[in-house]
Amino acid sequence: MSVADAGRTSSPGVNWLYKPAVRQFVIQAALVVAILGLIAWLVHNTAVNLADRHIASGFGFLNQRSSFDIVTFLPLTAEDSYGRAILAGLVDTIIVSVLAIIIATIVGVLVGIARLSSNWLIRALSTVYVETLRNIPPLLVILFWYLAVIAALPSPRDAITLGSAISLSNRGFYMPKPIFGAPFVWTVGAFAISLVVAYFVKRWASARQMRTGTPFHSFWAGLAIVVALTLIAFVATGAPLSFEVPVKTRFNVNGGLTLSPEFTSLLLALALYTASFIAEIVRAGILAVSHGQTEAARALGLRHGTTLRLVILPQALRVIVPPLTSEYLNIIKNSSLAVAVGYADLVAVGQSVLNPTGQAIEVVAIWMTFYLGLSILTSVGMNIFNRRIALTER
Amino acid sequence: MSDIQAETDLFFVRQKVVEPMPPPTRSSGLIGWARANLFGSVFDTILSIVGITVALLIIIPLVKWALIDATWVGDNREACAANTAGACWAFIHANIGQFIYGRYPDPERWRVNLFFLLLVAGIVPMAIPSAPFKQLNLLYIFIIFPVVSGLLLVGGFAGLPEVDTEVWGGLFLTLVVSYVGMALSLPFGILLALGRRSEMPGVRAVCVAIIEVARGVPLITVLFMASVMLPLFLPEGVNFDKLLRALIGVSLFASAYMAEVIRGGLQAVPKGQYEGAKAMGLNYWQMTRLIILPQAIRIVIPGIVNTFIGLFKDTSLVYIISIFELLSTIRNSLADPVWATSTTPGTGLAFAAAVFWIFCFGMSQYSQYTERRLNTGHKR
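All residue numbers here refer to positions counted from 1 along the written sequence of the relevant chain. A letter from A marks each chain and a number from 1 marks each ligand, given out in the order of writing. Since the coordinates come from a predicted model, pLDDT governs what is reported: local features require at least 70, and pairs of side-chain atoms require 80 or more to be given and counted, while whole-chain, interface and lining totals use all residues.

**Some points on the overall build of chain A**
Piece 1. By the criteria applied, helices consist of DSSP H or I runs no shorter than four residues and strands consist of E runs no shorter than two, each listed in order from the N terminus. Looking only at helices and strands, one finds 12 helices and eight strands in chain A.
Piece 2. Along the first, second and third principal axes, the C-alpha atoms of chain A reach 90 × 70 × 45 Å.
Piece 3. Here, residues touch in the contact sense if the C-beta positions derived from the backbone fall within 7 Å of one another. At a minimum sequence separation of 6, the contacts of chain A that also span at least 24 residues come to 67%.

Below is the structure:
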C-alpha cells in the first residue's frame, strides 16, 4: 500500500462529515431535493390557479378552429386550427431567419473586408456603418424601417416603379411572381445531376493535381457543366416557366409576388443589424492570421487572390465560424421582434393563440421547444461545418 | 582639378555635370495623403469615387433633413406639417420631459434627478482605475445605491408620496431596468459559471440547463413567461408588481449570458493558480474569492461590458409586457394627434437612436480602453 492510498482510505481522526465524497453527496442531494420541492410547489400552485380560472391544461386546443385572419407564407384561413396557425408562424420565422442570415453574411463579409481596405474612404464608411448599427437596439432598427422609411413611401397610386412589373410603395414591394409548370421538375433534376457531375470533376482534378502537379480550371469547368445541363433541360422541356405580373388598380396592386412592409422592414433590419456584428467577426478573423502566413505565401510565388483564397481565408474561417454561429442564433432569436410590427411569426401567432384560449403554459412551452430546436439544429449544422474546416493536427 | 581630369582621361571619371532629376511626387501633405490613401491604383480610384458618391448621397440629405430643413420651434403639429421635408425637433422639445421621466408626477421629478446623480456618483469612480476605495465603491454599487434609490423612487414614507411603478417611464426606466439587470446578472452569472465548472454532476447539470435554456430562447418569450406564467406559478393572493416581473425576466436572461462570459475567464486562469491555492490550504470559497475570481474577472472585463451593452439594448423589449421605457414612450407619443405628421416618426426614432447610441458607444469605448490597458506588452 502506497502512501497516497493510505491517506485516502484511512483517516481515523477526521469526522466523516469532512470527507469530500460525503459533502458532495449531501450538497447535491440538498440541491436536487430543493429543486424538486420548488417544482412540486409551482405545479401545485399552477394546478390550483388553473382550476380557479377553469382552464383545461393539455394540448387539445391545438385542434380547435382558429378563426384567424392573418397573412402568412403558408396559406391560412379562418377555418384552420390553432395547430396549423402555429405551424404557419414557425414557417414564417424560418423564412425570415434564413433570408436574413444569407443577406447578413454577404453584407457582413463585404463590410468586414472593407474595414481592412487600404482605401481610407472605404475604411471610414464601413467603420461608420458598423459603429452606428452596433450601438442601437435592433427593435429601433425595425421600427425605423417600418415607421420612418416604408410608411413614408408614396401610396400605391404614385408608387416608385421600375418598368411596369416592379413597384415600391407604402403597401410593400411588388414584383412578378414566377409560375412553374409541371415539367419544371426536369430542370431541377438536371440541376441536381449537374452539381454531382461538377463535384466529381473537381475530385478528379484535385487528384490529378496531387499526382502530376498539373492544375485544372475545375471551378469554370464545373460552372459550365451546371449552366449548360440546366439550360438544356429547361429548353428541351419547353421552357415551363412564366411570370404573373402585378396589376395596378386604382388604390392597390393585385397579383404578383408581394413583400409586405412588415416582412421587408423585419428582414432588412435583422440583416443589416447583424451584418455589423458579422463584419467585426470577419475583420477579427482576418487579423488573427499571422502576417508571416501572407509573407510566406508571397515568397512561394502565390498571387494576391490565391494567397487570400488558399492561405488566409481557410485559417481565418477557423476563428470566424464559432462566433458566426452565435450571430446566426441571434438572428433566429431576434426574429421574434416581429411581434413589434405585426409580422406573423411564431411569437406573434402564439400571442394571438394565447389571448382567446388562455393556454399560457402550453404556448410558452411551444415557443421554447421550437426556438431551442431551431437553435440546436443551427448549432449542429455549423458544428459539422466547423469540424470540416478545423485544424487537422497529427 | 578639371585640368587633371582632361589630362588623365580616365574613362570612369565624369566629364560633365549631370542634369538634376525631377522632384519626387509629393509623399506628404494633403495631395500625398490622398495619393496614398485614395488613389493608389486604378481599382482604388474607382472605389474612392464610388465611396465619395455614397458618402455625399447619405450626408447631404441627412444634413438637409436634420439641420437645414428642420423645424426647431412650434407648439403643435402645424409647424411641422407645413414642412415635412425636415426633422420636427419641436416635437422632441415639447415632449422631452416625458421622454426622460415618463409619467412620473411633475412635482416629484427631483427624486428622479437625485437618482441620476447618485448613479453617476457610483459609476464614475468605479470606471476610473486609479480612483481609491474600490471595495467601498462596490458595496455602494451593489447594495447601498439600489436600496436607497429604490426607497427614494417608490416613496411612501417620511413625507415622500408613493409613486406607483405604473407611471415610471422614459429614459429613467430604461436606466432602472438595465441597472438592476447589470447588478443582478453579475453575482448570479458568477454563481452559474462556478456551478457549471463544478465537480459535482448534479450541480453542473442544473446550471447547464438554466444557462442553455435561457440562451436558447428569445428574451421576448422569457418576458412573456415572467408576465403570464409567474402569476400562475404563485399561490393565490400573492401578486407581483409588473415592473418587478420584468426585472426578474431580464436579470435571469442576462445572468445566463454573463455566466458564459465569466466561464471564459475562469478557464483562462492557469491551472497552477488553482493548484497553488489548494496547496496553501485554502478551501473552495477562499480560493475562488481570493485567487481565482480577481484574475478571471479582470480578464473578461471587455466581455462583461459587451454583455452590459447587449442588456442595455435589450431593455427596449420590455414594452412587450406594456412597460414604457424610452423607445416605447417615444413610439407612443408618435401616435399623439397633437404632433402626428409624416416626419414625426423619423424625428422621434432618430432621437431615440441618438440616446441609445451615446450610451452604448460610450460603454464600448470604455471596454476597448480596458482592453488596451490590460493588453500592454502583448501587441506587436
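Moving on, there is more to tell.
**As for the overall build of chain B**
Piece 1. On a plain count of helices and strands, chain B comes out with 16 helices and zero strands.
Piece 2. Every radius of gyration here is taken over C-alpha atoms, with the globule rule written as 2.2 Å times N^0.38, N being the number of residues. Here the C-alpha radius of gyration of chain B, 31 Å, is well above what a compact globule of 380 residues would show, namely 21 Å.
Piece 3. The principal-axis extent of the C-alpha atoms belonging to chain B is close to 120 × 80 × 40 Å.
Piece 4. Exposure is read from a count of other C-beta atoms within 10 Å of each residue's own; the residue is exposed at 12 or fewer, buried at 20 or more and partly exposed in between. C-beta atoms are placed from the backbone. Scored against the burial criterion, the 380 residues of chain B give a buried share of 31%.

**Considering the sheet that holds strand β3 (residues 172-175) of chain A**
Residues and elements named next belong to chain A.
Piece 1. Pairs of strands are assigned from DSSP output, requiring at least two bridges between the strands. Taken in spatial order, the four strands make up an open sheet running β1-β2-β3-β8, and their pairing is antiparallel. Looking at which strands have only one partner, the edges of the open sheet turn out to be β1 (160-162) and β8 (257-259). Ignoring which end each strand starts from, the neighbouring axes of this sheet average 15° apart.
Piece 2. Note that strand β2 (residues 166-169) and β3 share three bridges and pair antiparallel. Residue pairing in the sheet places Leu168 in a bridge with Phe173 of β3. Angles here are taken between N-to-C directions and fall from 0 to 180 degrees, while the axes themselves are lines fitted to C-alpha atoms, restricted in helices to the stretch in contact.

**Looking at the interface of chain A and chain B**
Piece 1. At the interface, 42 residues of chain A touch 47 residues of chain B.
Piece 2. Per element, the largest residue contribution to the side of chain A that touches chain B is 12 residues, and it comes from helix α2 (residues 20-52) of chain A.
Piece 3. Note on residue classes: Ala, Val, Leu, Ile, Met, Phe, Trp, Tyr, Cys and Pro are nonpolar, Asp, Glu, Lys and Arg are charged, and everything else, Gly too, is polar. Considering only residue class, the side of chain A that touches chain B consists of 30 nonpolar, 10 polar and two charged.

**Focus on the pairing of β3(A)**
On a regular strand, one side chain projects to one face of the sheet and the next to the other, so that they alternate.
All names here are of chain A.
Piece 1. With antiparallel pairing between neighbouring strands as the criterion, β2 and β3 make up a hairpin whose turn holds two residues.
Piece 2. Relative to β8, β3 runs antiparallel, the two sharing three bridges. Within the sheet, the bridge partner assigned to Phe173 lies in β8 and is Leu259.

**Here's the deal with the confidence of the model for chain A**
Residues and elements named next belong to chain A.
Piece 1. On average, residues of chain A score 83 in pLDDT, and 93% of them reach the 70 mark or higher.
Piece 2. Confidence scores here are pLDDT values: one per residue, from the predictor, ranging 0 to 100. In the model of chain A, helix α1 (residues 3-9) stands out as the element of lowest mean pLDDT, 46, in contrast to helix α8 (residues 261-288), which has the highest, 92.
Piece 3. Confidence drops under pLDDT 50 across residues 1-8; counting only partners more than four residues distant or on other chains, this segment forms one contact.

**So, the packing of helix α10 (residues 219-233) of chain B against helix α11 (residues 242-268) of chain B**
All names here are of chain B.
Piece 1. For the pair α10 and α11, interaxial distance at closest approach is 9 Å and the crossing angle is 140°. Relative to α11, α10 is oriented oblique. The element α10 and its partner α11 pack so that their crossing is right-handed. Side by side, α10 and α11 meet where Leu219, Val222, Leu223, Met225, Ala226, Ser227 and Leu230 of the first sit next to Arg245, Ala246, Ile248, Gly249, Leu252 and Phe253 of the second.
Piece 2. Each residue belonging to the contact of α10 with α11 can be placed in one class, and the counts come to 10 nonpolar, two polar and one charged. Note on angle classes: values under 35 degrees are labelled roughly parallel, values over 145 roughly antiparallel, values of 65 to 115 roughly perpendicular, and the remainder oblique. Should the near helix be turned anticlockwise from the far one by less than a right angle, the crossing is termed left-handed; should it be turned clockwise, right-handed.

**A word on α8(A)**
All names here are of chain A.
Piece 1. An expected span of 1.5 Å times one less than the residue number is assigned to each helix. Over its 28 residues, α8 runs 40 Å from end to end, which matches the ideal 40 Å to within 8%, given 1.5 Å per residue.
Piece 2. Fitting axes to the seven residues ending at a residue and to the seven starting there, one defines the bend at that residue as the angle between these axes. Bending of α8 peaks at approximately 25° at the position of Ala275.
Piece 3. Burial of α8 is extensive: 23 of the 28 residues sit out of reach of the surface.

**What about the environment of Ala198(A)?**
Piece 1. Examined against the element boundaries, Ala198(A) turns out to sit in helix α6 (residues 184-212).
Piece 2. Distance in space between the C-alpha atoms of Ala198(A) and Pro156(A) is 46 Å, their sequence separation being 42 residues.

**Thoughts on the nonpolar core**
Piece 1. Ranked by internal contacts, the top residues of the largest apolar core, which has 140 residues, are Leu140(A), Ile142(A), Leu266(A), Phe172(B) and Leu223(B).
Piece 2. The residues contacting Phe172(B), other than those within four sequence positions of it, are Ile100(B), Tyr101(B), Gly102(B), Tyr104(B) and Val112(B). When buried Ala, Val, Leu, Ile, Met, Phe, Trp, Tyr and Cys residues are joined through C-beta atoms within 7 Å, the set is termed a nonpolar core.

**Remarks on the packing of α11(B) against helix α14 (residues 301-314) of chain B**
Residue and element names in this part refer to chain B.
Piece 1. Two elements in contact, α11 and α14, have axes whose closest approach is 9 Å; the angle formed by their N-to-C orientations is 165°. By the angle between their axes, α11 is roughly antiparallel relative to α14. In the crossing of α11 with α14, the sense of the turn from one axis to the other is right-handed. Residues Ala254, Tyr257, Met258, Val261 and Gly264 of α11 lie in contact with α14, whose contacting residues are Gly303, Ile304, Thr307, Gly310 and Leu311.
Piece 2. Here the contact of α11 with α14 is composed, by residue class, of six nonpolar, four polar and no charged.

**A look at the domain arrangement of chain B**
Piece 1. Domain segmentation is taken from an automatic or database assignment of domains. Each assigned domain of chain B is listed with its residue range as follows: domain 1 (29-68) and domain 2 (89-104 + 163-374).
Piece 2. Put simply, the middle of domain 1 of chain B and the middle of domain 2 of chain B, counted by C-alpha atoms, are 39 Å apart.

**Considerations on the environment of Gly373(A)**
Piece 1. Tracing the chain through its elements places Gly373(A) in helix α12 (residues 360-389).
Piece 2. C-alpha of Gly373(A) to C-alpha of Leu257(A): the two residues are 116 residues apart in sequence and 30 Å apart in space.

**Some remarks on unusual backbone geometry**
Residues and elements named next belong to chain B.
Piece 1. Despite not being glycine, Phe133 has its phi angle at roughly 55°, a positive value.
Piece 2. The residue Phe133 is located in the loop between α6 (109-127) and α7 (134-154) in this model.
Piece 3. The class for Phe133 is exposed, based on 10 C-beta atoms found within 10 Å.
Piece 4. With phi around 45°, Ser322 is a residue other than glycine that occupies positive phi space.
Piece 5. Examined against the element boundaries, Ser322 turns out to sit in the loop between α14 and α15 (326-334).

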